[in-house]
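So the chains spell out like this:
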Amino acid sequence: MDNGKSLDNRLMNKICEIFGFKQRNFSMYNVAANGLAEAFNKTICNFLKKVFSKSKWDWHNRMEETLWAYRTTHRTPTQATIYALVYGVEFVLPLERQIPSLRLAIQEGKFNSKWDGPYVVQEAYSSGAYKLLDADVLRIDPINGKFLNKYYP
């Protein structure tokens, strides 16, 4: 309905004349948004083409799945999914809660480093224990050497 053509008729002109309105027709145009909407529509159409193999007539039944796929697909310009940008976290499928995945384990921090440091050895004891200093020159209680690893900067 560009330029409000549906409102440009004798009845509407008469109503405007009675109430003293001046009718103006114009069309809204936002250069930045129009290109984005077309790009989005193109992407959704491509997703729908991938989902359909047999019939093109039930596309409306597959729209929810298509939008889920769009929202959870990693976008190159933002380096994130739309879901993560909106909700601040990555999505987790219900199945991943029942059968834990590597991605979920990494997200929950199960593969975080268990090492602290680096420390400087202040004193080594003959029993295999070491007295350490951290970066703030705070003394750490003696610790068994089997719990230490060499640090290579």
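Residues numbered from 1 in each chain as written. Predicted model: local features only at pLDDT ≥ 70, side-chain atom pairs only at ≥ 80, totals over all residues. Heavy atoms only, no water.

We now examine the overall build of the chain. Along the chain, the regular secondary structure elements total six helices and five strands. Shown N-terminal to C-terminal, the secondary structure of the chain runs as helices and strands in the order α-α-α-β-β-α-α-α-β-β-β. Put simply, the chain has 153 residues, and 12% of those count as buried. Looking at the chain alone, contacts between residues at least 24 apart form 10% of all its contacts between residues at least 6 apart. (Helix = DSSP H or I, 4+ residues; strand = E, 2+ residues; numbered from the N terminus. Buried < 20%, exposed > 50% of the residue type's maximum accessible area, 1.4 Å probe, protein only. Contact = heavy atoms within 4.5 Å.)

A few words on helix H1 (residues 10-19). Counting buried positions over the ten residues of H1 gives one, only a small fraction of the element. Of the residues flanking the start of H1, the one acting as N-cap is Asn9, its side-chain oxygen 3.3 Å from the backbone nitrogen of Leu11. Gly20 sits one or two residues past H1 and shows a positive phi near 75°. (Polar contact = N/O pair within 3.5 Å; in protein donor to acceptor, adjacent residues only side chain to side chain.)

A few words on the layout of surface pockets. There is about 480 Å³ of room inside the largest pocket. In this structure, the largest pocket is lined by 15 residues; those nearest its centre are Asp116, Gly117, Tyr119, Leu148 and Asn149. Among the residues making up the lining of the largest pocket, the classes are represented as ten nonpolar, two polar and three charged. Volume-wise, the second largest pocket comes out at about 240 Å³. Considering the residues around the second largest pocket, the lining is formed by Leu36, Ala39, Phe40, Thr43, Tyr70, Arg75, Pro77, Thr78, Ala80, Thr81, Ile82 and Leu85. (1 Å grid on protein atoms, 1.4 Å probe; cavity = no way out; pocket = protein on both sides within 12 Å on 5 of 7 lines; lining within 4 Å. Points joined across faces, edges and corners; volume = space filled by probe spheres on them. Nonpolar A, V, L, I, M, F, W, Y, C, P; charged D, E, K, R; others polar.)

Structurally, Tyr130 is set in strand E4 (residues 129-133). Separated by ten residues in the primary sequence, Tyr130 and Val120 have C-alpha atoms spaced 9.8 Å apart. Residues in contact with Tyr130, not counting those within four places in the same chain, are Val121, Glu123, Ala124, Tyr125, Asp141, Pro142, Ile143, Gly145 and Leu148.

Let us now look at the sheet that holds E4. A sheet is described by the order of its strands in space; here three strands give the open sequence E3-E4-E5, paired in antiparallel fashion. At either end of the open sheet lies a strand with only one pairing partner, and these are strand E3 (120-124) and strand E5 (139-144). Each strand axis lies, on average, 30° off the axis of its neighbour in the sheet, ignoring direction. Sheet topology places E4 next to E5; four bridges connect them, and they run antiparallel. Bridge pairing in E5 links Leu133 to Arg139. (Pairing = 2+ DSSP bridges. Axes fitted to C-alpha atoms, helices over the stretch in contact; angles between N-to-C directions.)

Pairing between E3 and E4: four bridges, direction antiparallel. By the bridge assignment for E4, Val120 is matched with Leu133. Hairpin connection of E3 to E4: four residues between the antiparallel strands, including Gly128 at a positive phi of 95°.

Tallied over the full model, the rule gives seven aromatic pairs. Ring geometry for Tyr83 against Tyr87: centres 4.7 Å apart, planes inclined by 50°, an arrangement best described as tilted. A residue pair is termed a helical-turn pair when its members lie 3 or 4 positions apart in one helix, as Tyr83 and Tyr87 do in helix H4 (residues 82-87) at four residues. Residue Tyr83 is classed as partly exposed on the basis of its relative accessible area, which comes to 22%. Each ring, one from Tyr83 and one from Phe91, has its centre 6.2 Å from the other, and the planes form 80°; the classification is edge-to-face. For Phe91, a relative accessible area of 13% corresponds to the buried category. An aromatic cluster is built from Trp68, Tyr83, Tyr87 and Phe91, whose rings are joined through pairwise contacts. (Phe/Tyr/Trp six-rings, centres within 6.5 Å; stacked < 30°, edge-to-face > 60°.)

Geometry only, nothing functional implied.
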